[in-house]
Amino acid sequence: FLFLDRQAPPAEAAQEAAWRAVSDALGKERPLTVRTLDVGGDKPLPYLPVPKEENPFLGERGIRLSLDRPDLLRAQLRSILRAAAGRRIEVMFPMVATLEEWREARSMLNDEAAGLGVPAIPCGIMVEVPSAALLAPRFAGECDFFSIGTNDLTQYCLAMDRGHPRLAPKVDGLHPAVLRLVALVVEGPEDFGDGALRMQWWDRDFHPRDVLHVEAREHRANVAPPLDLVPPSWATHRPSEKGLIHP
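Residues numbered from 1 in each chain as written. Predicted model: local features only at pLDDT ≥ 70, side-chain atom pairs only at ≥ 80, totals over all residues. Heavy atoms only, no water.

Its 15 residues place the ends of helix H1 (residues 12–26) 21 Å apart at the C-alpha level, agreeing with the 21 Å of an ideal helix rising 1.5 Å per residue. The complete set of buried residues in H1 reads Gln15, Glu16, Ala18, Trp19, Ser23 and Leu26. The buried side chains of H1 occupy one side of the element, clustering within an arc of 160° when seen end-on. Exposed positions of H1 whose direction lies more than 90 degrees from the buried face are Ala13 and Ala25. A positive backbone phi angle near 90° is found at Gly27, which sits one or two residues after H1. (Helix = DSSP H or I, 4+ residues; strand = E, 2+ residues; numbered from the N terminus. Expected span 1.5 Å × (residues − 1). Buried < 20%, exposed > 50% of the residue type's maximum accessible area, 1.4 Å probe, protein only. Arc of directions from axis to C-beta.)

In structure tokens:
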């Protein structure tokens, strides 16, 4: 929210103060995950002009736009790194679709940490496009955590704009195809052999425990339940108490 409703990007000092305040409010027991700037053609900013695109959801948005404006991204990363001194703060990059995007963003984070003479902090990605879900085993070997963003993941998987007046009711976060992508993300660390990678659930429209409701719904439809798509342990999963903030 720091970047919205203003005519110029927030100063580094203002960003740092905001991260410190939120982290201190959360306390030492809960980490703060800061998602880097997530705007684009569908969410324009006055000081960040983006040419009109035929389909902004498939254009320059999220990490693509940030990598195209490294001055803004680097400033935000420096503010997060400074605020992280003595606090549990980590970075999350949005709309990552390729390993190259992830590595470029992570390299910037590492460069800024080295420049400030501070230790690196945990960093991960939002899994909200099918390519990232399909590459989960590869990402698992390099990320500290995943956060599944089912709103965008669903609309990209089903090729339906969730804001479309006629299609929005059909954008189902519990569609078997979406569940299969989510399963790939959850199983990715296991395939890689690294059980330490942490999962987060970002959007409100889907949670692992919802699998029970999917099973009941499929039984009512007199078809086999899709439990083979997801690990059975999800049924008893509970949301984490992580602190999450949208800049």
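Back to the write-up after that little detour.
Moving on, we get to the environment of Arg106. With respect to the helices and strands, Arg106 occurs in helix H4 (residues 99–116). Classification of Arg106 by relative accessible area gives partly exposed; the value is 24%. Between the C-alpha atoms of Arg106 and Gly124, which are 18 residues apart in sequence, the distance is 8.8 Å. Sequence-distant contacts of Arg106, defined by excluding residues within four places in its chain, comprise Phe93, Cys123 and Glu142. (Contact = heavy atoms within 4.5 Å.)

The next thing to look at is the packing of helix H3 (residues 70–83) against H4. Taken N-terminus to C-terminus, the directions of H3 and H4 make an angle of 55°; their axes are 9 Å apart at the nearest point. In terms of their interaxial angle, H3 and H4 are classed as oblique. Read as a crossing pair, H3 and H4 show a hand that is right-handed. Residue-level contacts link Pro70, Leu73, Arg74, Leu77, Arg78, Leu81 and Arg82 of H3 to Ala105, Met108, Leu109, Asp111, Glu112, Ala113 and Leu116 of H4. The class makeup of the residues in the contact of H3 with H4 is 9 nonpolar, no polar and 5 charged. (Axes fitted to C-alpha atoms, helices over the stretch in contact; angles between N-to-C directions. Parallel < 35°, antiparallel > 145°, perpendicular 65-115°, else oblique. Left-handed = near helix turned anticlockwise from the far one by under 90°. Nonpolar A, V, L, I, M, F, W, Y, C, P; charged D, E, K, R; others polar.)

When pLDDT is averaged along the chain, the result is 80, and 75% of the positions lie at 70 or above. Of all helices and strands in the chain, the one with the weakest mean pLDDT is helix H9 (residues 211–220) (39), whereas H4 scores best (98). Note that residues 204–247 has pLDDT below 50 and, in this model, 86 contacts with residues that lie over four places away or in other chains. (pLDDT = per-residue confidence, 0-100.)

Now for the side chain of Thr154. Take Thr154: it is sitting in helix H7 (residues 150–158). Every residue in contact with Thr154, bar those within four places of it in the chain, is listed here: Val171, Asp172, Gly173 and Val178.

Bringing the side chain of Arg35 into the picture now. Assignment of secondary structure puts Arg35 in strand E1 (residues 32–35). Classification of Arg35 as buried rests on a relative accessible area of 10%. There is a polar contact of 3.5 Å between the side chain of Arg35 and the side chain of Asp38. (Polar contact = N/O pair within 3.5 Å; in protein donor to acceptor, adjacent residues only side chain to side chain.)

On to the packing of H1 against H3, then. The geometry of H1 relative to H3 is characterised by a closest axis approach of 8 Å and an angle of 45° between their N-to-C directions. In terms of orientation, H1 and H3 fall into the oblique class. The two elements H1 and H3 cross, and the hand of that crossing is right-handed. In this structure, H1 contributes Glu12, Gln15, Glu16, Trp19 and Arg20 to the contact, and H3 contributes Ala75, Gln76, Arg78, Ser79, Ile80, Arg82 and Ala83. Of the residues that constitute the contact of H1 with H3, the class distribution is 4 nonpolar, 3 polar and 5 charged.

What follows concerns the pairing of strand E4 (residues 145–148). Here E4 shows a buried face lined by Phe145 and Ser147 and a second buried face lined by Phe146 and Ile148. Pairing analysis gives 3 bridges linking strand E3 (residues 123–127) to E4, with the strands arranged parallel. When the bridges of E4 are listed, Val127 appears paired with Ile148. (Pairing = 2+ DSSP bridges.)

The next point concerns the packing of aromatic side chains. Following the criterion strictly, the structure yields 1 aromatic pair and no others. Aromatic pair Phe93 and Trp102: ring centres 6.2 Å apart, planes at 65°, arrangement edge-to-face. Like Phe93, the residue Trp102 is buried in the burial classification. (Phe/Tyr/Trp six-rings, centres within 6.5 Å; stacked < 30°, edge-to-face > 60°.)

Another aspect to go through is the pairing of E1. With burial as the criterion, each face of E1 is covered, one bearing Leu32 and Val34 and the other bearing Thr33 and Arg35. Strand direction decides the pairing type here: E1 and strand E2 (residues 89–93), joined by 4 bridges, are parallel. By the bridge assignment, Arg35 is partnered in E2 with Met92.

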